[in-house]
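Overview (structure and organization)
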Amino acid sequence: MIEIVNTPSNGHRFQIKSKSDSILLTSEEFHSKTDLDTALSKLNTLQINRGNFERKTNHQGKFLFNLKDGNGSLIGTSQLYDSEAGMENGIKNLHNRLTDLKKL
């Protein structure tokens with residue numbers, strides 16, 4: 001499921017949620033509804049592969065990943081994970097969720 005969220009600065013973000021309703025990815029902020037709609041349409045045509053995911057560790061040792069488009073532009077960022085295995089599972093779940101959403 002994709003949920004649209006309004007930001008305090010009058011912008012918009014989307015969140016991709018798992019079937020159990022946990023947030024898998026939070027998008028960058030979009031300052032217009034048109035930009036948000038454009039990003040969502042690109043998401044539906046994105047060919048997901050390993051190169052779309054940038055794996056990172058923050059300064060506290062937590063794991064996270066970024067989802068990037070084919071041009072390397074940031075689409076969104078995951079939640080923080082306590083382990084690398086948890087992060088890899090999050091990537092797998094997001095990949096599966098995006099595949100499911102394309103079928104709708």
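The paragraphs below set out a description of the structure included in this document. (Residues numbered from 1 in each chain as written. Predicted model: local features only at pLDDT ≥ 70, side-chain atom pairs only at ≥ 80, totals over all residues. Heavy atoms only, no water.)

Concerning helix H1 (residues 33-45)
- Over its 13 residues, H1 runs 19 Å from end to end, which matches the ideal 18 Å to within 8%, given 1.5 Å per residue.
- Those residues of H1 that fall on the buried side of the exposure criterion are Leu36, Ala39, Leu40 and Leu43. All buried residues of H1 fall inside an arc of 100° around its axis, so they share one side. Every exposed residue of H1 that faces more than 90 degrees away from the buried side is listed here: Thr34, Lys42 and Thr45.
- Against strand S1 (2-6), strand S2 (12-17), strand S5 (63-68), strand S6 (74-77) and helix H2 (84-102) lie the buried residues of H1. (Helix = DSSP H or I, 4+ residues; strand = E, 2+ residues; numbered from the N terminus. Expected span 1.5 Å × (residues − 1). Buried < 20%, exposed > 50% of the residue type's maximum accessible area, 1.4 Å probe, protein only. Arc of directions from axis to C-beta. Contact = heavy atoms within 4.5 Å.)

Some details on the sheet that holds S2
- Here 6 strands make up an open sheet; going across it, the order is S1-S2-S3-S6-S5-S4 and the pairing antiparallel. What marks the edges here is a single partner per strand, and that holds for S1 and strand S4 (53-57). Ignoring which end each strand starts from, the neighbouring axes of this sheet average 30° apart.
- Bridging between S4 and S5 involves 5 bridges; their strand directions are antiparallel. The residue bridging phenylalanine 53 from the neighbouring strand is leucine 67, located in S5.
- Running at roughly 30° to S2, H1 makes contact with S1, S2, S5 and S6 of the sheet.
- The strands that H2 touches are S1, S2, strand S3 (23-27), S4 and S5; relative to S5, the one it contacts most, it runs at about 30°. (Pairing = 2+ DSSP bridges. Axes fitted to C-alpha atoms, helices over the stretch in contact; angles between N-to-C directions.)

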